[in-house]
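In case you want the letters, here they are:
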Amino acid sequence: MHSIWAVAVNTIKQVIRLKIAAVFIVLLLVLLPVMGLKMTGDGTLMGRAQSFISYGLSLTGLLLALLTIFAAVYTLTSDIKDKQVYTVLTKPIRRYQFVLGKLLGVVLLDAGLLLLFSAIIYTITILLPTFIKADDAQLAQVRNEFFTARAFLKPAEPDISYELDQAYDKLRQAGEVPAGVNENPIARRNYRKELARRIGLRKRAAVVGEEMLLEFDNVRISDPNQSLFVRFKYDVAVNPPDLQIYSRWVVGDVRQVRLGGTLETPIYSMDRKDLIRTFREFEVPADAVARDGYLAITFLNVPLNDTVVIFPLEDGLELLYKADTFTANFIRAVLLVFVRLIFLAVLAVFAGSFLSFPVAVLLCLAVFTMANMSGFITESFGEESVGGNVSRIYYYSLKPLLGLLPQFDKQAASKFLVPARLLSWSLLAKMGSVTLCLKTLPLALLSLLIFSYREIAKVIV
Amino acid sequence: MEYAIETFSLTKTFSDWWGRNRVVAIDNLNLKVRTNEVFGLLGPNGSGKTTTLKVLLGLLHPTKGKAILLGGDATDPQINRRIGFLPEESYLYRYLTARETLNFYGQLFKLPAKVRKLRIEALLDMVGLKAVANRAVGTFSKGMARRIGLAQSLINDPDLLILDEPTTGLDPIGTRQIKDLILELAKRGKTILLCSHLLADVEDVCDRIAILYGGKVQVEGDVHELLQHSDKTEIIADRLSPAALEKIKRLLADEQAECTVSSPVDKLETFFINIVAAAQQQAVPTSGAESKWEISEFLAAKPDEHARQAAILDQLVSAGPSADEIAAISTQQVQPQPAPSPLADEDLLRRLTEQAGPPELKTVVAQPTQAKPSLEQLGKNILDELAGRPEPDKTQNPSASRPGDSNNA
């Protein structure tokens, strides 16, 4: 440990004294306060806070990611290229200790810089309401929808297996299932998956003049005096002229109405007009939730709209309620960024253990970019997009490789902080352990193995 | 343990990425370096000297064969904690200061902080860089970097010191100091493997040498045995009068031996060192390394001071001496060499020429002073051998004294 620590401290000195980190640090120190002052978002206090925290954290994450890649690759490859390894590795230090020391140095530096910059972002965000003139309504909105951490629930998934079987059989009998799909298990599974998606989507669509009911089973709210937030986004078949959708919402335990009798819990109703393809929220008192945790949300597509309204499957409609503080959520979101930096440090050390500086950096940037668009890549290479043998090749070759890629786009800190979504410790632990254990650890072991057995010197004759 | 370094059919070949252009860098090398000897690995550029060191230290994997250092594998921390290595260039972290550099390497040896601190100060003093200890190594001249490189190789008090071209980039004083240090360390039981193509360096300090060419050992043996001309005799005497010279010539003519007479010429190295020592006595300011003769004063053993200096060096290598102690020694200045003696006693010369008995004359019988050309001649002979030309006769005459001892006397 003594040797690892000595190498780690030396690495930190290297990155700082050779001014590798200086560009990134200066850039962030200048940009973050400027962004805090100049960013307006949609003009409201909420918009400013959201866009600052989103861009501030994204920029910090991006620049620190680049710094991590450059620093970790440089520190290892320059020691090999400039031959300091000759004097270091002939001392009583194992090669794996040397690599771990380099890694520890970069990770500690990341931790320090992330702490500094997240503290700056946090302070500016917290102070935003004090140096921006905002009315009480805006302050209340920020308090309820931004400076908080809300648990989010998705509607219960309806059981569609019967419908799916029916639909599949019907298509097969009609001869509409493409040739070969029924015989090939992979192709059949993909085909049925696509069919299930369509059926699910149909249940999330409301035609003109009709209602769409979405039910939540497990809404556990500790304080009935607090508020619930319904967050939604419209997709439409035909764009309305003013891009607005008129709607009536009913929220509460609608089973009471069906059964008749007095209402134990209130049912709330409201009319709204909202922009399409944009996230919107409205507040409902939490007493609307039934004692058993049931809550129904009904959306009426009023005839004025003249278009089918669809709530996208992934995030078209969610129910949010306060579950933790903004500060705690912010800390966890920063830890999520830190997990990403650890992965990148390991990736960079791995690349540096056998590649030269420019090649290693390019490899890391390529992986980093791919990890940032993992959703898009998975979709593009998805089983649905290809068929037959190509699909089989993909299934056994590319898919496991893509599985090794971390999903930075799905684990972005701003995805939680902008909508004030709760990033629970358990979710953080789950995402962190998947990234660290399944994707980072094998890479780390591989780099230790490569560096331990490679020839450090070159033969010069 | 008889051998500090042993190699068995050590071979290293390399080729390009496609497996073409197979080049043999080391070819079946069987090197044996005895414990407590100064062994010189010589060879022209590209002869495989440095590659051999890299394989010995585990920086390169041998294609075939095995190398054993101090009875084990050099990559084993238990073994390499007893090895000191100075590569062909110092390869230091340029952003660290001299003190931080030594501290970093000391940490790798897990030396306790107190011991580390003492050793660092002692070493900085020894290599004359105490005044610039807090300057980044990147701003050092090549010679200063070399001094720090040497200091790092000594921080663990190694049993085996491997030095690759230790004197490159050093001024003559630094070169002399390193040579003196090598000799002093050898006296203290260290084994030193010196790799160089600077023949004078090797000749001054090595007990045995091996000459590499094309990855193969061409010649291996005792330096004196290899260099001595047993068919010639050299007599060094105080200044003689022309009459005395004539008598000697006549005497030698009777013996049917040819002779040349000349006054001994100082080595340029000695001359240079004397000039700089004189300048230092006058305290001429300099921005370079403070060559206060620490190494020569510190390590070169005068009979009466030997015990005291040995104690100091022992302290340095075990726990490190106090800075004051070192400073006390380092401030001593080298005295200028005594002027040549006046004319020799005529009577003595007369007795010599009368063939009455030579022992009374103050003479030094040693190998010819033209040792350096002899070594070059040796190299030529090897080249001749390689070119298929006949090898000149090499007569060997054992010599008991270490070459450096006579150098220091």
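Starting from 1, residues in each chain are numbered consecutively following that chain's sequence as written. Here chains are named by letter from A upward and ligands by number from 1 upward, in the order in which they appear as written. pLDDT decides what is reported in this predicted model: residues at 70 or higher carry local features, side-chain atom pairs at 80 or more are listed and counted, and totals for whole chains, interfaces and linings draw on all residues regardless.

1. What to know about the overall build of chain A
This is how it is decided: Here a strand is any run of E in DSSP of at least two residues, a helix any run of H or I of at least four, and the numbering for each starts at the N terminus. To sort residues by burial, count the other C-beta atoms lying within 10 Å of each one's C-beta; a count of 20 or more means buried, 12 or fewer means exposed, and anything in between means partly exposed. C-beta atoms are built from the backbone. In this description, a residue-residue contact is defined by the distance between C-beta atoms placed from the backbone, which must lie within 7 Å.
Scanning chain A from N- to C-terminus turns up 15 helices and 11 strands. In terms of overall dimensions, chain A has a C-alpha envelope of 90 × 65 × 40 Å along the principal axes. Within the span of chain A, comprising 461 residues, buried residues form 35% of the whole. Sequence separation of at least 24 residues holds for 84% of the intrachain contacts in chain A that already meet a minimum separation of 6.

2. Digging into the overall build of chain B
Across its full length, chain B carries 16 helices and 12 strands. For chain B, with 409 residues in total, the buried portion stands at 39%. A separation of at least 24 residues holds for 74% of the contacts in chain B among residues at least 6 apart in sequence.

3. Overview of the interface of chain B and chain A
Put simply, the rule is: Asp, Glu, Lys and Arg are counted as charged, while Ala, Val, Leu, Ile, Met, Phe, Trp, Tyr, Cys and Pro are counted as nonpolar; the rest, among them Gly, fall into the polar class.
With 30 residues of chain B at the interface, the matching set in chain A holds 26 residues. No other element matches the 4 residues that helix α3 (residues 98-108) of chain B contributes to the side of chain B that touches chain A. Classifying every residue of the side of chain B that touches chain A gives 18 nonpolar, 8 polar and 4 charged.

4. Describing the sheet that holds strand β9 (residues 295-301) of chain A
Residues and elements named next belong to chain A. So the rule is basically this: Two strands pair under a simple rule: DSSP has to find at least two bridges between them. Note on geometry: axes are lines fitted to C-alpha atoms, helical ones only across the stretch in contact, with angles between N-to-C directions running from 0 to 180 degrees.
Spatially, 4 strands are ordered β3-β9-β6-β7 in an open sheet, and the strand pairing comes out antiparallel. The strands lining the two open edges of the sheet, one partner per strand, are β3 (211-216) and β7 (268-275). Along the sheet, successive strands turn relative to each other by an average axial angle of 25°, direction set aside. Pairing between strand β6 (residues 244-252) and β9: 6 bridges, direction antiparallel. Paired with Ser247 across the strands is Asn301, a residue of β9.

5. Structural notes on the domain arrangement of chain A
Residues and elements named next belong to chain A. Where we set the bar: The source of the domain bounds is an automatic or database domain assignment.
Its domain assignment divides chain A into domain 1 (2-148 + 325-453) and domain 2 (205-322). Look at where the C-alpha atoms of domain 1 and domain 2 centre, and you get two points 37 Å apart. Across the boundary between the two partners, domain 1 contributes 4 residues, which contact 6 residues of domain 2. For the side of domain 1 that touches domain 2, the residue count by class is 1 nonpolar, 2 polar and 1 charged.

6. So, the pairing of β9 of chain A
Each regular strand carries side chains that alternate between the two faces of the sheet. All names here are of chain A. Of the two faces of β9, only one is covered, namely that formed by Leu295, Ile297, Phe299 and Asn301; the face formed by Ala296, Thr298 and Leu300 stays uncovered. Note that β3 and β9 share 6 bridges and pair antiparallel. From the neighbouring strand, Glu215 faces β9, where its bridge partner is Ala296.

7. Let's talk about the sheet that holds strand β4 (residues 227-232) of chain A
Residues and elements named next belong to chain A. Reading across from one edge, β1-β11-β4-β8 is the order of the 4 strands in this open sheet, with antiparallel pairing throughout. Across the chains shown, the open sheet's two edge strands, defined by having one partner strand only, are β1 (149-153) and β8 (280-285). The sheet shows a mean angle of 35° between the axes of neighbouring strands, taken without regard to direction.

8. Let's talk about helix α10 (residues 326-352) of chain A
Basically, it comes down to this: Helix span, as expected, comes to 1.5 Å for every residue beyond the first.
Between the first and last C-alpha of α10 of chain A there are 39 Å, a value that for 27 residues agrees with the 39 Å anticipated at 1.5 Å per step. Of all 27 residues that make up α10 of chain A, 22 are buried, and the element is covered over most of its length.

9. A short note on the pairing of β4 of chain A
Residue and element names in this part refer to chain A. Of all 6 residues in β4, 5 are buried, a share of seventy percent or more. Inspection of the sheet shows β4 paired to β8 by 6 bridges, in the antiparallel sense. The residue bridging Ser227 from the neighbouring strand is Pro285, located in β8. Of the strand pairs in this sheet, β4 and strand β11 (residues 317-324) are connected by 5 bridges, and their pairing is antiparallel. Counterpart to Phe229 in the pairing with β11 is Leu320.

10. Focus on the nonpolar core
So the rule is basically this: Any set of buried Ala, Val, Leu, Ile, Met, Phe, Trp, Tyr and Cys residues joined through C-beta atoms within 7 Å is what this text calls a nonpolar core.
Ranked by internal contacts, the top residues of the largest apolar core, which has 159 residues, are Val73, Ala345, Ala348 and Cys364 of chain A together with Leu194 of chain B. Broken down by element, the residue count for this core peaks at 18 residues, all from α10 of chain A. Sequence-distant contacts of Val73 of chain A, that is, excluding residues within four places in its chain, are made with Ala348, Ala351, Gly352, Phe357, Ala360, Val361 and Cys364 of chain A. Among the nonpolar cores identified, the runner-up in size contains 22 residues, and Leu214, Leu228, Phe229 and Tyr321 of chain A belong to it.

11. Describing the environment of Asp171 of chain B
Residue position: Asp171 of chain B is located in the loop between β7 (160-164) and α6 (172-187). In sequence terms Asp171 of chain B and Tyr95 of chain B are 76 residues apart; their C-alpha atoms lie 24 Å from each other.

12. Overview of the packing of helix α5 (residues 95-131) of chain A against α10 of chain A
Residues and elements named next belong to chain A. Defined as follows: An angle below 35 degrees is treated as roughly parallel, one above 145 as roughly antiparallel, one from 65 to 115 as roughly perpendicular, and anything else as oblique. Take the far helix as the reference: if the near one is turned anticlockwise from it by less than a right angle, the crossing is left-handed, and if turned clockwise, right-handed.
For the pair α5 and α10, interaxial distance at closest approach is 10 Å and the crossing angle is 150°. Our classification of the angle between α5 and α10 gives roughly antiparallel. Like other packed secondary-structure pairs, α5 and α10 cross with a definite hand, here right-handed. Residue-level inspection shows Val99, Lys102, Leu103, Val106, Val107, Asp110, Ala111, Leu114, Ser118 and Tyr122 of α5 in contact with α10, the latter providing Phe330, Val334, Val337, Phe338, Leu341, Ile342, Ala345, Val346 and Val349.

13. Quick look at the confidence of the model for chain A
Formally: What pLDDT reports is the predictor's confidence in each residue, on a scale of 0 through 100.
Residue-level pLDDT values for chain A average 88, and 97% of them are 70 or greater. Model confidence for chain A, summarised as mean pLDDT per element, is weakest for helix α13 (residues 388-404) of chain A at 73 and strongest for α10 of chain A at 95.

14. A few points about the packing of α10 of chain A against helix α11 (residues 357-372) of chain A
Residues and elements named next belong to chain A. Across the interface, α10 lies against α11 with an axial gap of 9 Å and an inter-helix angle of 145°. The chirality of how α10 crosses α11 is right-handed. Touching Leu344, Leu347, Ala348, Ala351 and Gly352 of α10 are Ala360, Leu363, Cys364, Val367 and Phe368, all from α11. Taken together, the residues that form the contact of α10 with α11 break down as 9 nonpolar, 1 polar and no charged.

15. What to know about helix α2 (residues 22-38) of chain A
One turn of an α-helix holds 3.6 residues; hence residues three or four places apart share an orientation. In this model, α2 of chain A (17 residues) spans 24 Å end to end at C-alpha, consistent with the 24 Å of a helix rising 1.5 Å per residue. Of the positions making up α2 of chain A, those classed as buried are Phe24, Leu28, Leu32 and Gly36 of chain A.

16. Things to note about unusual backbone geometry
Most peptide bonds are trans, and most residues other than glycine sit at a negative phi. The backbone of Lys83 of chain A sits at a positive phi, close to 70°, despite the residue not being glycine. Its location among the elements puts Lys83 of chain A in the loop between α3 (45-81) and α4 (84-88). Positive phi, close to 55°, is recorded for Lys110 of chain B, a residue that is not glycine. Looking at the secondary structure, you find Lys110 of chain B in the loop between α3 and α4 (113-126).

17. Some words on the environment of Phe70 of chain A
Its place among the elements puts Phe70 of chain A in helix α3. Expressed as a C-alpha distance, the spacing of Phe70 of chain A and Tyr396 of chain A, which sit 326 residues apart in the sequence, is 33 Å.

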